[in-house]
Amino acid sequence: MIRSNKTKKAVLKALLEIPGEIVSGPDLCRIADVSRQSVWKAVDSLRVEGFEIEAVPHKGYRLGDSGTADLSPTWLELALENTCWGETVLFWKSLASTQEPAKELARQGAPEGLLVVADEQTSGRGRLGRKWQSPQGGSICFSVIVRPNLLPGRIQLLSFAAAIAVHETLENNFGVSFELKWPNDILYRGAKVCGILTETASEPGKVHYAVTGIGINANMDSRAISMDVAGPSTSLLAILGRPVHRGEVIASIIRIMEREVRSLETAQGSKKCIDEYMKRCSTLGQEVIVRQEDKTLRGKAVGISDSGEIILVISGKERTLAAADITHLRTN
Ligand code: BTN
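Residues numbered from 1 in each chain as written. Predicted model: local features only at pLDDT ≥ 70, side-chain atom pairs only at ≥ 80, totals over all residues. Heavy atoms only, no water.

Undergrad: Whenever I open this one, the site of the ligand confuses me. Can you help?
TA: For the ligand, the set of nearby residues contains 20 residues, the closest of which are Ser97, Gln121, Arg125, Arg127 and Lys192. Take Thr98: an N or O atom from its side chain is 3.2 Å from a nitrogen atom of the ligand. Expressed as a share of its isolated accessible area of 420 Å², the protein-covered part of the ligand is 99%. Elements with a minimum of two residues in the shell around the ligand: strand S7 (139-146), strand S10 (191-203) and strand S11 (206-217). At four residues, S10 tops the list of elements feeding residues into the shell around the ligand. Tallied by class, residues from the shell around the ligand come to six nonpolar, 10 polar and four charged. (Near = heavy atom within 4 Å. Polar contact = N/O pair within 3.5 Å; in protein donor to acceptor, adjacent residues only side chain to side chain. Areas by Shrake-Rupley, 256 points an atom, 1.4 Å probe, with all protein chains shown as cover. Helix = DSSP H or I, 4+ residues; strand = E, 2+ residues; numbered from the N terminus. Nonpolar A, V, L, I, M, F, W, Y, C, P; charged D, E, K, R; others polar.)

What follows is the structure, given as structure tokens:
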């Protein structure tokens, strides 16, 4: 596991301020308020996070190409300096699933906003017992601990907050339209780009903690994702024709999700959040096929309840469903 510390953050911040230029060793010692040896240790550790840092003899250090550092926990903590969430980012090169350490840490009392990020998952999990593929170098997969002031019956709204955050981030950052399919899949022309999984520990009347895991097919060849696992899928690389900075995507999602979760905790904010979700949700107004356990139903999606269920009209009658697998009969 790789994590950041105060010295690494101070050194990286100073190097990022004047990219391509040399910052002297004594300056870095002064800025970080540590010894030369500590600066040297921090530089070495930042190299492990993927940064190219050149030591120029008798002059200092220069930041080079940082392309391989796009999941750096130090970079992410700096990017999230002005938010409450993301104060601690724990990074693994490879994990079975980011959900597991996040849940374990939450059980042990870790604070809301702690982020677990991985470059690869070997047993990534999706909703409804499905698998989620996260190959090395191309995936965005992370889990965030949330301690929401929400009743257990409304926990679905947490995934709505995450879905709004992903949808807003992808559309704003990349200028492309995405579909938000109920409850929280993000699609591009009918093919899945992102999935969200929220797991909770609660007792009647109280959520102890929730862990929301977000997986985005980012810099990967979407043909690498098997159809039997995910249905039709695509990736940001395939859509945009260029790789994305994964840390920037995560930082933006976290900022928006924190805002939406806080908003959910008040009656007025909760209504605003559901309205925002409904504005973005492309399932509404569509004819859909619903698969639930052994049943398959066909109906029209007409609304979303206060606790995040979908309201369908099936054979002239309204039905509310909390969890189901939905297929749109028309692709927007
Ligand atoms: C789905 O669409 O079924 C949800 C997919 C959720 C995948 C993410 S990736 C990060 C976190 N770790 C996991 O094992 N799953 C979630």
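Okay, back to it.
Undergrad: How do you make sense of the pairing of S10 when you look at a structure like this?
TA: Along a regular strand, successive side chains alternate from one face of the sheet to the other. Where strand S9 (residues 185-188) meets S10, three bridges bridge the pair, whose relative direction is antiparallel. Bridged to Leu187 within S10 is Lys192. (Pairing = 2+ DSSP bridges.)

Undergrad: Teacher, can you tell me more about the side chain of Lys192 here?
TA: Inspection of the secondary structure puts Lys192 in strand S10. According to the relative accessible area criterion, Lys192 is buried, its value standing at 14%. Side chain to side chain, Lys192 and Asp185 meet in a polar contact 3.0 Å long. Filtering out sequence-adjacent residues up to four positions away, Lys192 remains in contact with Trp132, Asp185, Ile186, Leu187, Asn217, Pro232, Ser233 and Thr234. (Buried < 20%, exposed > 50% of the residue type's maximum accessible area, 1.4 Å probe, protein only. Contact = heavy atoms within 4.5 Å.)

Undergrad: Is there a simple way to explain the pattern of salt bridges in this structure?
TA: When charged atoms on two side chains of opposite charge get close, those side chains can pair. In the structure shown here, the tally under the stated rule is 26 salt bridges. The partner of Asp185 in a salt bridge is Lys192, and the shortest N-O contact between them spans 3.0 Å. Asp275 serves as the salt-bridge partner of Lys271, at 3.0 Å between the closest nitrogen and oxygen. Placement of both Lys271 and Asp275 in helix H10 (residues 267-280) is noted, with a separation of four residues, approximately one turn of the helix. Accessibility expressed as a relative area gives 53% for Lys271, which makes it exposed. Owing to a relative accessible area of 36%, Asp275 belongs among the partly exposed residues under this scheme. (Salt bridge = Lys/Arg side-chain N within 4 Å of Asp/Glu carboxyl O.)

Undergrad: Can you walk me through the sheet that holds strand S14 (residues 310-314) in this structure?
TA: Here five strands make up an open sheet; going across it, the order is S15-S14-S13-S12-S16 and the pairing antiparallel. Only two strands of the sheet have a single neighbouring strand rather than two, namely strand S15 (317-321) and strand S16 (325-328). Strand-to-strand twist of the sheet, defined as the mean angle between neighbouring strand axes without regard to direction, takes the value 45°. Sheet topology places S14 next to S15; five bridges connect them, and they run antiparallel. Within S15, the residue paired with Leu312 across the bridge is Arg319. (Axes fitted to C-alpha atoms, helices over the stretch in contact; angles between N-to-C directions.)

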